[in-house]
Each structure stands twice: as C-alpha cells, then as structure tokens.
Amino acid sequence: MNTKTAFDLIFRNTRTRSSATPVDIGVAGGRIAAIAPRLVCEAAEIDVGGRLALPGFVDTHIHLDKACLLGRCRHDHGNVNEAIAAVAAMKRDFTVEDVYARGARVIERAIVHGTTRMRTHVEIDPRIALRGFEAIKALKRDYVWALDLSICVFPQEGLTNDPGAEELLIAALRDGGEAIGGCPYMDTDPNAHLEKIFDLAQEFDVDVDLHLDFDLDPSWWHLEEVCRQTERRNYQGRVAIGHATKLSALPPERLKAAAVRLAKSGVAVTVLPATDLYLMARDATHNAPRGLTVAHKLVENGVLCSVATNNVLNPFTPFGDASLLRMANFYANIAHAAVDEFDVCLDLVTDLPARLMNLRDYGISVGNPADIIVLDTDSGRGAIAELPDVLMGFKSGRQTFERQRPMLFPPKS
Ligand SMILES: [Zn+2]
C-alpha cells in the first residue's frame, strides 16, 4: 500500500487506551486516517514520545453564563436556594457582552486543559430573557476551532411558577437550543414541571438533561418520575440527571435498586463533585457527609454516568479551573476509588460523557475527527493518579494549544 503522501500530519510513538504498545496516528483532511505501528509517510510529524493520547475531555454539564461572578456578591450562601437567589439578583443586569466575556474566560481555560466537547446549561427566564443564550450562541460560533459547544436551555428558577419562562424556552429551542434541562425542585409543581419539559423535548426532538434530587434526604425524590416519563415517551438513552446527591445517602441495597431502575429506563447520571461537596451538608459541625454520588459504582451496575464541572467561581462553587482531569482526580479521591477503578474514573470524563451526549464521532478511531490531546503520562491509570499536564491539543487535525513542560535550573557544580 502506498501511504507516502496520504497524511497531512502524523503522531508518532503514541500510547492510546486501546493499544498496549505505542502506535502512530495518521491524520488526513482533519480526520483520523490510520492507526498502526510505524506508519510510512512523509507528512509533518509530532513525536509524542510514548505519551498518552486521548480524544479530549467531554464536559456534559457546565454553566458558562453564570461563571466568574466572584466579587459581585457576598459569599455567605449556606445552601443551593441561597446560591440561586444570589445569581437571580445579579442576572437581571447581565448583558450579552458580560456573559460572553465570562464564558470566553472559562472556555479558554477548558481548551488548554484538554476539553474538546462541552454541553453548557443556559438559564432562560424573564429575568435574563435570551441575553445569556445569545452570548452562548456567539461563543459556540467563535470557539468552534477548538471545542464543540452544545447548548442546553433550562428554567433554573422553575417553570409553572414563572410566567413567561415557557415562551422564552420555546423561542430558544426554535433558535438553536440543542437540549432541554429542568429544575423540578425549584418548581411549586415538580411533576408538572417534568411533564412540560418532556413535552417540549419531544416536540423539538431534543435530549433532556435535568438538575435533580439535589439534597441528602432519600425519603422522597423525583428520580422515579423521571424514569417513568422516560419510559412512557420511549426516551431511553436521551435523558440525564445532574447532581442526584440523594443517591449518596442510600445504603448499598437501596443504591443497587436505584441503579437497576436507572439502567432499565436508560437514564444517565452526572456527578458534579465541586458543587456537590461545596453545597451539601454545610450545616454539619463534624463528620460531614461527602454528599457525592459514587458514579463508578453506578457504572458497575449498568448506569451511564459522567463527572462534570458544573459551576466555576460563583455562589454555587467558588472554585474552578474547568479542568476535567483535575475533576476526575478529585472525584476518584473523594469517592474512595480503588487503583483498579482509576480507568473508570477516566472514562467518566471521556467515553461515558460522549455516550451521554450521544456523540457519534468521538474517539481515537479511523474516520473520526482528529481531536487529540496529549498527556504527560503513559496510561489512563497514570492520568488519574498523577494529574499530569496536558501538553498539547488538536481539533480536527489543527493544533489548538501547547503547554511548555516546566524546566528545572539546578545550580552548576
Ligand atoms: Zn448545573
């Protein structure tokens, strides 16, 4: 076979998660054209030096529109309701330019930390109207060279109790909304909220990604109603629930039963470690519960799960660098993941969220876009354990960033 001029770019000496020995990855026309040891070609070359290549991280749940608000309000919020109220008060004054600037700051951090796909939740209600949505659409367009941004529109402050919100949601779904979210715990009629969200999802043929069951009281939940709606509408594989911290308060046998229910109805779970840890159990004086649902255990029981960023530098989470590798390491540490579970922890920010978002072209496989990041480690387990630098990234075969390795300056002897 004559492969001498078949590639535009070739990654030499690359470890992937599916190859035990280093391989070369050939790129042509922005797509992965070949994966094999020692490809013969005359293309531009990058010697990866045996390091790990991944197809980029996938963040299924982030709020770009309310990121980077530290300093605009007091930060004495004790729970999720106070955080929501703090942002509600601020967002009346959000402009398109303001949301764009804050969102761009987070997107650029995410890009240099290796994220190549992202679903952002965008608040739609009479206070912000479509200003946040317009800014996010502009960000999607302006950063397409580095990251695929998918837009999930949702009513953060309720739906049936918030006149005007439904009309705005419909306008957003007509004009670029790619998924619909919901927040039934903020609605005076949670079941009617869910019914309406699923109605709109079906009407516009979009996936559903909800905020759900965000406290530590397992005596009641909306999970069952979501599973019921999913099955009734034949929406298996198209529904995700974020937080689901109530599951962290269940004993093992009840958690197992919930996992079976979720798996059977095809409802995915997104765990948001930074926010869940920050907002749960703040009233505990000692032995505070972690308030974090163990996603890797749910995965064992057939539930599709992801770990994601959620909030960055705002009343919900006054931390954040948009690094999903750091979040996966953080998750593994808090969730008591065993070393042989580190690979699943990496799956939680790569392959599994890609499935959650129903991405059909993700992964280092021939025919997919050449979305490739290189980590300064040689294995998936090392990626979680060592928290290595992400050294470079490519989107559709074009380089999007590079990180210089640190240099030591030992004294001359
Ligand atoms: Zn969220």
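Placed above this text is the structure.
The residue numbering used here restarts from 1 in each chain and proceeds along that chain's sequence as written. Per-residue local features are limited, in this predicted model, to residues with pLDDT of at least 70; the limit for side-chain atom pairs, both in listing and counting, is 80 or more; totals at the level of whole chains, interfaces and linings are taken over all residues. In computing side-chain values, all of the structure's heavy atoms are included and hydrogens and water are not.

Go over the coordination of the zinc ion with me, naming the residues and quoting the values.
Coordinating N, O and S atoms are those within 2.8 Å of the metal (3.2 Å for Na, K and Ca), and as water is not part of the atoms, a site may appear to have fewer donors than expected. For the zinc ion, every protein donor is listed as His61 (NE2), His63 (NE2), His211 (NE2) and Asn310 (OD1), and the spread of their distances is 2.0 to 2.2 Å. In these descriptions, tetrahedral denotes four donors with every angle between 85 and 135 degrees, square planar four donors and octahedral six donors with opposite donors over 155 degrees apart and the rest between 65 and 115, and irregular any other case. For the zinc ion, the four donor atoms in the first shell make angles of 88 to 173° at the metal, a pattern classed as irregular. All donors of the zinc ion belong to a single chain; written as a sequence motif, their spacing is H-x1-H-x147-H-x98-N. No difference in accessibility class separates His61 from His63, as the two residues are buried. For every residue, the accessible area (1.4 Å probe, protein chains only) is compared with the maximum for its type, and the residue is labelled buried under 20%, exposed over 50%, or partly exposed between those bounds.

How would you summarise helix α1 (residues 80–91) if you had to cite specific residues and measurements?
Secondary structure elements follow DSSP: runs of H or I no shorter than four residues count as helices, runs of E no shorter than two count as strands, and numbering proceeds from the N terminus. Here the expected span of a helix is defined as 1.5 Å times the quantity of residues minus one. Taking 1.5 Å of rise per residue, the 12 residues of α1 would be expected to cover 16 Å, and the 16 Å separating its terminal C-alpha atoms lies within 8% of that figure. Buried residues belonging to α1 abut β7 (115–123), α3 (131–142) and α8 (273–279). Counted as a polar contact is a pair of N or O atoms within 3.5 Å, where, for protein atoms, one must be capable of donating a hydrogen and the other of accepting one, and residues adjacent in sequence contribute only when both atoms are in side chains. N-capping of α1 is provided by Asn79, with a side-chain oxygen placed 3.0 Å from the backbone N of Asn81. It only takes one pair of heavy atoms within 4.5 Å for two residues to be counted as in contact.

Please give an account of the pairing of strand β14 (residues 372–375) that cites residues and values.
Of the two faces of β14, the one lined by Ile372 and Val374 and the one lined by Ile373 and Leu375 are each fully buried. Only strands that DSSP links by at least two bridges are regarded as paired with each other. Sheet topology note: the strand β5 (residues 52–54)/β14 ladder contains three bridges and is antiparallel. Bridged to Ala53 within β14 is Val374. One ladder, built from four bridges, connects β14 with strand β15 (residues 390–395); its direction is antiparallel.

Could you give an account of the pattern of salt bridges, naming the residues involved and the relevant values?
Take a side-chain nitrogen of Lys or Arg and a carboxyl oxygen of Asp or Glu: if they are within 4 Å of each other, that pair is a salt bridge. Tallied over the entire structure, the rule returns 39 salt bridges. Arg12 serves as the salt-bridge partner of Glu45, at 2.9 Å between the closest nitrogen and oxygen. Pair noted here: Glu45 is in strand β4 (residues 44–47) and Arg12 is in strand β1 (residues 9–14), with a separation of 33 residues, a long-range link. Assessed through its relative accessible area of 48%, Glu45 is described here as partly exposed. Judged by relative accessible area, which is 14%, Arg12 ranks as buried.

For the packing of aromatic side chains, give the residues involved together with the corresponding values.
The relation between two aromatic rings is expressed through the spacing of the ring centres and the mutual angle of the planes. Each aromatic pair joins two rings of Phe, Tyr and Trp (for Trp, the six-membered one) with centres within 6.5 Å, and gets the label stacked for planes under 30 degrees apart, edge-to-face for over 60, and tilted for any other angle. Across all of its chains, the model carries five aromatic pairs by this definition. Between Tyr278 and Phe319 the ring centres are 6.1 Å apart and the planes differ by 85°, which places this aromatic pair in the edge-to-face class. Of this pair, Tyr278 sits in helix α8 while Phe319 sits in the loop between β13 (305–307) and α10 (324–334); the two residues are 41 residues apart in sequence, bridging distant segments of the chain. Classification of Tyr278 by relative accessible area gives buried; the value is 12%. Sitting above the plane of the Tyr278 ring, Arg282 keeps its charged end 4.3 Å from the centroid. Cation placement over rings: the criterion is NZ of Lys or CZ of Arg within 6 Å of the ring centroid and within 35° of the ring normal.

For the nonpolar core, give the residues involved together with the corresponding values.
As used here, the term nonpolar core means buried Ala, Val, Leu, Ile, Met, Phe, Trp, Tyr and Cys residues forming a set that is joined through side-chain atoms within 4.5 Å. With 114 residues, the main nonpolar core has Phe57 and Ile241 as its most contacted residues. No other element matches the seven residues that α10 contributes to this core. Of all hydrophobic cores here, the second largest spans 14 residues; its members include Ile46, Val48, Val374 and Met392.

Which residues make up unusual backbone geometry, and what values go with them?
For Asp205, which is not glycine, the phi dihedral falls at a positive 55°. For Asp205, the position within the fold is in the loop between α5 (190–204) and β10 (207–212). With a phi close to 45°, Asn287 is a non-glycine residue in the positive phi region. Inspection of the secondary structure puts Asn287 in the loop between α8 and α9 (295–300).

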